[in-house]
Amino acid sequence: MQGFQGYGYSSEFVANMRLVLESIKASPSGHLELVSECDAICVSCPHKKECSLSDSFLALKIRKMDQLVLEKLGMEEKTVGEAKELFRLVNTKLKNPSDIEEVCGSCKWRQKCLWYLQKNELT
């Protein structure tokens, strides 16, 4: 979410991601739940069907990435917190390109996402 710039798997995915981010920006004190499963961002992902299969390669890969982020944040899955505080924590704990590389591996969007490291905002 931090590095989103409008690139994505499909126009539907991009539109949904924008809606999710707009909702968070409109209510930074709103609460978010940290999960490592399909969520509001995944609703329009063209890979959702495969990712929904709990033992698929893609589902396991995404879950591993999410779990690594939670570990780096020192948090557990299902943690609920204010959006602005969760984003502050991400900006504090995941601020080096090496962190992103470790989490994202060879993701094709990785380099496009790194721009957020220069910012100090909610999203």
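Before reading further, recall that the structure is shown in the block above.
The shown structure was predicted, so the numbers you read here are calculated from the model rather than taken from an experiment. (Residues numbered from 1 in each chain as written. Predicted model: local features only at pLDDT ≥ 70, side-chain atom pairs only at ≥ 80, totals over all residues. Heavy atoms only, no water.)

Caption draft 1: Fine view of the overall build of the protein. Along its length, the protein carries six helices and two strands. The helix and strand sequence of the protein, counted from the amino end, reads α-β-α-α-β-α-α-α. Over its C-alpha atoms the protein spans a radius of gyration of 14 Å, differing by no more than 12% from the 14 Å that the globule rule assigns to 123 residues. In terms of overall dimensions, the protein has C-alpha extents of about 35 × 30 × 30 Å along its principal axes. Out of the 123 residues belonging to the protein, those deemed buried represent 34%. Partitioning the contacts of the protein with sequence separation of at least 6, the portion at a separation of at least 24 is 64%. For the protein, the exposed surface amounts to about 7,800 Å²; the carbon and sulfur share of it is 53%. (Helix = DSSP H or I, 4+ residues; strand = E, 2+ residues; numbered from the N terminus. Rg over C-alpha atoms; globule rule 2.2 N^0.38 Å. Buried < 20%, exposed > 50% of the residue type's maximum accessible area, 1.4 Å probe, protein only. Contact = heavy atoms within 4.5 Å. Areas by Shrake-Rupley, 256 points an atom, 1.4 Å probe, with all protein chains shown as cover.)

Caption draft 2: Molecular detail of the environment of asparagine 96. Residue position: asparagine 96 is located in the loop between helix 4 (83-93) and helix 5 (97-104). The class for asparagine 96 is partly exposed, based on a relative accessible area of 37%. Sequence separation between asparagine 96 and aspartate 55 is 41 residues, and the spatial gap between their C-alpha atoms is 31 Å.

Caption draft 3: Structural context of the pattern of salt bridges. Scanning the entire structure with this criterion turns up five salt bridges. For the salt bridge of glutamate 37 with lysine 78, the shortest nitrogen-to-oxygen distance reads 3.5 Å. Pair noted here: glutamate 37 is in the loop between strand 1 (31-33) and helix 2 (48-52) and lysine 78 is in the loop between helix 3 (57-73) and strand 2 (80-82), with a separation of 41 residues, a long-range link. With a relative accessible area of 42%, glutamate 37 lands in the partly exposed category. (Salt bridge = Lys/Arg side-chain N within 4 Å of Asp/Glu carboxyl O.)

Caption draft 4: Here's a closer look at helix 4. For helix 4, every residue scored as buried is listed here: Ala83, Leu86, Phe87, Leu89, Val90 and Asn91. Buried-residue contacts for helix 4 involve helix 1 (11-26), strand 1, helix 3 and strand 2.

Caption draft 5: Molecular detail of the packing of helix 3 against helix 5. At a closest axis distance of 9 Å, the pairing of helix 3 and helix 5 adopts a crossing angle of 145°. Contacts between helix 3 and helix 5 involve Met65, Leu68, Val69 and Lys72 from the former and Asp99, Glu102, Val103 and Cys104 from the latter. For the contact of helix 3 with helix 5, the class distribution of residues is five nonpolar, no polar and three charged. (Axes fitted to C-alpha atoms, helices over the stretch in contact; angles between N-to-C directions. Nonpolar A, V, L, I, M, F, W, Y, C, P; charged D, E, K, R; others polar.)

Caption draft 6: Looking closely at the layout of surface pockets. Approximately 1,800 Å³ is the volume found for the largest pocket. Forming the walls of the largest pocket are 46 residues, and the residues nearest its centre are Met1, Met17, Ile41, Met65 and Asp66. Of all elements in the fold, only helix 1, strand 1, helix 3, helix 4, helix 5 and helix 6 (110-113) reach the threshold of two or more residues within the lining of the largest pocket. For the lining of the largest pocket, the element with the most residues is helix 3, which contributes eight residues. (1 Å grid on protein atoms, 1.4 Å probe; cavity = no way out; pocket = protein on both sides within 12 Å on 5 of 7 lines; lining within 4 Å. Points joined across faces, edges and corners; volume = space filled by probe spheres on them.)

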